[in-house]
Amino acid sequence: MEHDQLVAPGAAHVMSSYLTCEVATVSRSGTPVAWPVSGVWRPADQTFVLSTSIGFAQKALNVRRDARVAVLFSDPTGSGLSEAGQDQPGQVLVQGDGACPDEIVTSFSANADLWRKIDSAQPSSRALSGSGLTRRLLDLYYMRLIITVTPAAVATRPALSGAARPLVVPALPGLPASYARELGDFTSGVLARLDDDGLPTLDRVVPEPADGGLLVPGVEARPGPASLLFHRHDEQLAGNRSLVVLGELIEGTGGLVFRPDRVVDGVRTAGLLTPFRFVRGLRARAQAYLDRRGLARPVVAWDELEAIQAGVDADNASR
């Protein structure tokens with residue numbers, strides 16, 4: 001199929017409108033792991049582009065080692081596509097190849113469309129670029145690795161049904177009670193697994209306790225390594241929370257069951273100590289990335305970011 005026919009207009013509209021998506025890469029152990037990201041669909045060259053800080057480089061490292069990538073657009077929060085009285089927008093699954101050059105990008109104009117989307121969708125992100133001490137502490141956050149996904153297959157799906165009630169998840173081996181209780185703040189999760197062709201794929205699911213694990217109804221798949229991502233955000237990409245439960249899919253009495261192994265904590269914006277922990281962890285991981293490569297600390301082009309922010313403000317004022 002030609003690239004210009006691969007992504008239908010309706011799917012492209014979802015990909016352009018959703019504030020976040022779930023991106024699955026394959027870990028060194030062979031487990032597909034997904035995290036929420038923001039990115040831009042570029043119809044001119046039929047690619048989806050996202051970035052990650054060198055302080056959160058694992059997605060990029062996975063792509064460099066294994067190009068298999070899946071992207072699911074399944075959360076319409078803040079997209080404007082689910083107004084009251086309208087049908088819920090559907091989902092779009094993209095499977096393809098990812099590429100991530102071993103290059104740290106500190107220019108914002110090089111990917112201005114991506115930064116415009118982030119700035120307009122998440123006004124609170126401006127607090128991270130601030131000035132003075134904030135910039136000295138958080139410049140590492142803006143040292144970016146660019147991941148480009150070229151679709152090989154695109155599928156549309158209906159919106160998930162039956163996800164209106166909070167999840168009820170018991171403590172399980174590999175899932176401590178504190179995290180099990182926290183999952184009651186979510187109504188669904190995103191399962192990352194391998195399909196029959198060995199490619200990563202993603203399904204938004206409503207897991208249910210069963211057989212010492214979590215039944216993932218509606219999913220027909222082969223047993224094997226998998227993970228469950230839980231994430232949420234509000235209409236302006238604030239109030240973020242994400243965590244991933246790593247484990248394995250097994251055959252249960254009522255279908256496929258996910259058996260947790262361990263939890264990887266993600267973004268948590270609530271709590272008095274959260275900003276301190278975020279900055280401390282970011283700086284440690286980012287500096288380690290530079291040290292392993294023997295790189296000097298690059299200079300962030302703050303003037304370019306300010307120009308993009310001014311453009312967003314001008315667009316908003318003209319509406």
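Residues numbered from 1 in each chain as written. Predicted model: local features only at pLDDT ≥ 70, side-chain atom pairs only at ≥ 80, totals over all residues. Heavy atoms only, no water.

1. Some remarks on the packing of helix α4 (residues 112-121) against helix α9 (residues 302-318)
Packed helices, taken two at a time, are described by their axes: the angle between them and the distance between them. The interhelical angle for the contact between α4 and α9, taken along N-to-C directions, is 55 degrees, at an axis separation of 10 Å. Relative to α9, the element α4 is oriented oblique. α9 is crossed by α4, and the crossing has right-handed handedness. Where α4 abuts α9, its residues A112, W115, R116, D119 and S120 lie against I308, Q309 and V312. (Axes fitted to C-alpha atoms, helices over the stretch in contact; angles between N-to-C directions. Helix = DSSP H or I, 4+ residues; strand = E, 2+ residues; numbered from the N terminus. Parallel < 35°, antiparallel > 145°, perpendicular 65-115°, else oblique. Left-handed = near helix turned anticlockwise from the far one by under 90°. Contact = heavy atoms within 4.5 Å.)

2. A few points about the sheet that holds strand β6 (residues 91-99)
On the basis of which strands lie adjacent, the open sheet formed by seven strands has the order β2-β1-β5-β6-β7-β4-β3 and antiparallel pairing. At either margin of the open sheet sits one strand with a lone partner, and together these are β2 (32-37) and β3 (39-42). Taking each pair of neighbouring strands and ignoring which way they run, the sheet shows an average axis angle of 30 degrees. When β6 meets strand β7 (residues 144-157), the two strands line up antiparallel, connected through nine bridges. Paired with V92 across the two strands is T156, which belongs to β7. Sitting on the sheet, helix α2 (residues 9-17) touches β3, β5 (68-73), β6 and β7, and the angle it makes with β6 is about 75 degrees. (Pairing = 2+ DSSP bridges.)

3. Quick notes on the layout of surface pockets
Counted as a void, the second largest pocket has a volume near 420 Å³. As for the second largest pocket, its lining consists of 20 residues, of which D75, P76, T187, S188 and R204 are closest to the centre. Residues of the lining of the second largest pocket, tallied by class, amount to six nonpolar, 10 polar and four charged. (1 Å grid on protein atoms, 1.4 Å probe; cavity = no way out; pocket = protein on both sides within 12 Å on 5 of 7 lines; lining within 4 Å. Points joined across faces, edges and corners; volume = space filled by probe spheres on them. Nonpolar A, V, L, I, M, F, W, Y, C, P; charged D, E, K, R; others polar.)

4. What to know about the sheet that holds strand β11 (residues 213-215)
Across the sheet, which stays open at both edges, the seven strands sit in the order β9-β8-β12-β13-β14-β11-β10 with antiparallel pairing between neighbours. A strand with exactly one partner marks an edge of an open sheet, and here the two such strands are β9 (200-205) and β10 (208-210). Averaged over all adjacent pairs, the angle separating strand axes in this sheet is 40 degrees, with direction ignored. Pairing of strand β12 (residues 224-232) with strand β13 (residues 241-252), which is carried by nine bridges, proceeds in the antiparallel orientation. Bridge assignment links P225 to a residue of β13, and that residue is E248.

5. Examining the pairing of β12
Of all nine residues that make up β12, seven are buried, and the element is covered over most of its length. In the sheet, strand β8 (residues 189-194) pairs with β12 via three bridges, with the strands oriented antiparallel. By the bridge assignment for β12, L191 is matched with L228. (Buried < 20%, exposed > 50% of the residue type's maximum accessible area, 1.4 Å probe, protein only.)

6. Some thoughts on the side chain of T106
Structurally, T106 can be placed in the loop between β6 and α4. A relative accessible area of 16% places T106 in the buried class. Among residues more than four places away in sequence, those in contact with T106 are Y142, M143, P298, V299, V300 and A301.

7. A few points about the side chain of T201
Tracing the backbone shows T201 in strand β9. If we skip the residues at most four places from it in the chain, T201 touches A70, L93, Q95, R157, L191, A192, R193, L194 and D195.

8. Some thoughts on unusual backbone geometry
In the Ramachandran plot, D211 falls in the positive-phi region, its phi being about 50 degrees despite a non-glycine side chain. Tracing the sequence through the fold places D211 in the loop between β10 and β11. Under the relative-accessibility criterion, D211 is labelled partly exposed at 33%. Despite not being glycine, L237 has its phi angle at roughly 55 degrees, a positive value. When you line up the elements, L237 lands in the loop between β12 and β13.

9. With respect to the pairing of β8
Across the six residues that make up β8, a large majority, six, are buried. Alternating residues of β8 divide into G189, L191 and R193 and V190, A192 and L194, and every residue in both groups is buried. Relative to β9, β8 runs antiparallel, the two being bridged by six bridges. Bridging from a neighbouring strand, A192 pairs with L202 of β9. Once β8 ends, the chain turns through five residues before running back antiparallel as β9, passing G198 with a positive phi of about 80 degrees.

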